[in-house]
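The lines below spell out each chain.
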Amino acid sequence: MTGPSATGLSIEGLGHADRLRGAHLTARPGETVGLIGPNGSGKTTLLRCVYGTLPATSGRILLDGTDLARLAPRDRARRVATVPQDPDPDPDLTVRELVALGRSPHKRFWEGDTAEDLARADAALDRVGLGGLADRLCPTLSGGERRRALVARALVQGPELLVLDEPTNHLDIRHQLDVLALVRTLGTTSLLALHDLNLAAAFCDRIYVLEAGRVVTGGTPAEVLTPALISAVYGVDAEVAPHPRTGVPTVLYLPSPVPGQKTSTM
Ligand SMILES: Nc1ncnc2c1ncn2[C@@H]1O[C@H](COP(=O)(O)OP(=O)(O)OP(=O)(O)O)[C@@H](O)[C@H]1O
Ligand SMILES: [Mg+2]
């Protein structure tokens, strides 16, 4: 195949009722692509359509040229892993067993965990800094530990595409930085919703901005994260300057609201 949809992720005119209105975006193989936008702008809706827990009502999602809607759920789960914004209630499993569930799409449904599955789970738990908690029951985890366990589960799934909805939610700053650095170093194409614009600038190759169900702009962090964009989309006055040590665009917020709040659509 040729063309932009032949490799990586290509989302074309993706819609879901009035919550997502024809979103277009791409992620090249290995790219880390961020989704930002206010509460209710459609980030989770878009990510759930990509992962397949919500049906798209228009458009298509191509991964390496394959329309994900044409795949059986199990085949889709082999190729796409998720860390959801609102995970299901904790199952009564050990943390190791929860993480090993990431291998399920690669096995027949009656197959239990093999020694290799459990070893992969342990390795993933080490990578997210939870090695010491493998034998604990899931309901005993803190919010941040639970989030990191879900990242570990996505890792053992060995996907072509990682879909992460606010993966830094509940994490302390050390683990926010570690989880996002881990996502980048995996080299797996990743699409992640983030609220922290500075983390998005530091860890994403490119960023798309959602507003009221539409992708209003996209580009590199330096292209997207301008005071004008932040004012238009969030109604917040901000300065953006290169980080003194890394050069990454860094957002400094001003406490007073912009008069009239949100004024325009980019
Ligand atoms: N089950 C549902 N039924 C009806 N509307 C819904 C449902 N779930 C979400 N919505 C609405 O769809 C819109 C988009 O929601 P979505 O969860 O995708 O936003 P989001 O960008 O992820 O927001 P947040 O930053 O708060 O996570 C919102 O207006 C929300 O109220
Ligand atoms: Mg959301």
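The coordinates are above.
A short tour of the structure in this document, coming up. Source: prediction; values computed, not measured.

### Focus: the overall build of the chain
Part 1: Across its full length, the chain holds nine helices and twelve strands.
Part 2: Scaling as 2.2 N^0.38, a compact globule of 266 residues should have a C-alpha radius of gyration of about 18 Å, and the chain matches this with 19 Å.
Part 3: Seen through its C-alpha atoms, the chain measures out along the principal axes to roughly 60 × 40 × 30 Å.
Part 4: Taken over 266 residues, the chain has a buried fraction of 47%.
Part 5: The long-range share in the chain, meaning contacts at least 24 apart out of those at least 6 apart in sequence, stands at 65%.
Part 6: About 12400 Å² of surface is accessible on the chain, with carbon and sulfur atoms providing 53% of the total.

### Side note on the side chain of Asp67
Part 1: Along the chain, Asp67 falls in strand E5 (residues 66–67).
Part 2: Only 3.1 Å separates the side chain of Asp67 from the backbone nitrogen of Ala69, close enough to count as a polar contact.
Part 3: Once residues lying within four places of it in the same chain are set aside, the contact partners of Asp67 are Arg60, Ile61 and Leu62.

### Notes on the sheet that holds strand E3 (residues 32–36)
Each strand in a sheet pairs with its neighbour through backbone hydrogen bonds, running either in the same direction (parallel) or in the opposite one (antiparallel).
Part 1: Pairing within the open sheet is mixed, and its six strands lie in the order E6-E7-E8-E3-E9-E10. Either end of the sheet is taken by a strand with one partner, and the two such strands are strand E6 (80–83) and strand E10 (214–219). Between one strand axis and the next, the sheet turns by 20° as a mean value, whatever way the strands run.
Part 2: Judged from the four bridges that link them, E3 and strand E9 (residues 206–211) form a sheet pairing that is parallel. Paired with Ile36 across the strands is Val209, a residue of E9.
Part 3: Here helix H1 (residues 43–51) sits on the sheet in contact with E3, E6, strand E7 (161–165), strand E8 (189–193) and E9, set at roughly 150° to E7.

### A few points about the environment of Thr246
Part 1: With respect to the helices, strands and loops of the structure, Thr246 is situated in the loop between strand E11 (236–242) and strand E12 (249–257).
Part 2: With 44 residues separating them along the chain, Thr246 and Ala202 place their C-alpha atoms 8.9 Å apart.
Part 3: Among the polar contacts made by the side chain of Thr246, one reaches the main-chain amide nitrogen of Val248 at a distance of 3.2 Å.

### Some thoughts on the sheet that holds strand E4 (residues 58–63)
Part 1: Taken in spatial order, the four strands line up as E2-E1-E4-E5 in an open sheet, and their pairing is antiparallel. Of all the strands in the sheet, just strand E2 (20–27) and E5 have a single pairing partner and so form its edges.
Part 2: Direction of pairing for strand E1 (residues 9–16) relative to E4: antiparallel, over a ladder of five bridges. Across the sheet, the residue bridging to Gly15 is Ser58, located in E4.
Part 3: The sheet strands contacting H1 are E1, E2 and E4, and the helix crosses E1 at an angle near 115°.

### Observations concerning the coordination of the magnesium ion (ligand 2)
Part 1: Coordination of the magnesium ion (ligand 2) by the protein comes from Thr44 (OG1) and Gln85 (OE1), over a distance range of 2.0 to 2.1 Å. Here Thr44 is found in helix H1, whereas its partner Gln85 is found in the loop between E6 and helix H3 (95–100), with 41 residues between them in sequence.
Part 2: Classification of Gln85 as partly exposed rests on a relative accessible area of 25%.

### Some details on the site of ligand 1
Part 1: By nearness alone, every residue bordering ligand 1 is listed as Arg19, Pro38, Asn39, Gly40, Ser41, Gly42, Lys43, Thr44, Thr45, Gln85, Glu166 and His195.
Part 2: Separating an oxygen atom of ligand 1 from a side-chain N or O atom of Thr44 is a distance of 2.8 Å.
Part 3: Considered on its own, ligand 1 offers 640 Å² of accessible surface; in the complex 55% of this is hidden by protein.
Part 4: Of the residues contributing to the shell around ligand 1, the split by class is one nonpolar, eight polar and three charged.

### With respect to the nonpolar core
Part 1: Ile36, Val99, Leu125, Val128, Ile207, Val209 and Leu225 are the most contacted members of the largest nonpolar core, which has 48 residues in total.
Part 2: Ranked by the residues each element gives to this core, the list is headed by helix H5 (residues 143–157), at seven residues.
Part 3: With near-sequence residues (within four places) excluded, Leu225 lies in contact with Ile36, Leu197, Ala201, Ile207 and Val240.
Part 4: Counting 24 residues, the second largest nonpolar core, distinct from the first, contains Ala27, Leu35, Ile61 and Tyr208.

How each quantity is defined
- Residues numbered from 1 in each chain as written.
- Chains lettered and ligands numbered in written order.
- Predicted model: local features only at pLDDT ≥ 70, side-chain atom pairs only at ≥ 80, totals over all residues.
- Heavy atoms only, no water.
- Helix = DSSP H or I, 4+ residues; strand = E, 2+ residues; numbered from the N terminus.
- Rg over C-alpha atoms; globule rule 2.2 N^0.38 Å.
- Buried < 20%, exposed > 50% of the residue type's maximum accessible area, 1.4 Å probe, protein only.
- Contact = heavy atoms within 4.5 Å.
- Areas by Shrake-Rupley, 256 points an atom, 1.4 Å probe, with all protein chains shown as cover.
- Polar contact = N/O pair within 3.5 Å; in protein donor to acceptor, adjacent residues only side chain to side chain.
- Pairing = 2+ DSSP bridges.
- Axes fitted to C-alpha atoms, helices over the stretch in contact; angles between N-to-C directions.
- Donors = N, O, S within 2.8 Å, 3.2 Å for Na, K, Ca; no water.
- Near = heavy atom within 4 Å.
- Nonpolar A, V, L, I, M, F, W, Y, C, P; charged D, E, K, R; others polar.
- Core = buried A, V, L, I, M, F, W, Y, C linked by side-chain atoms within 4.5 Å.

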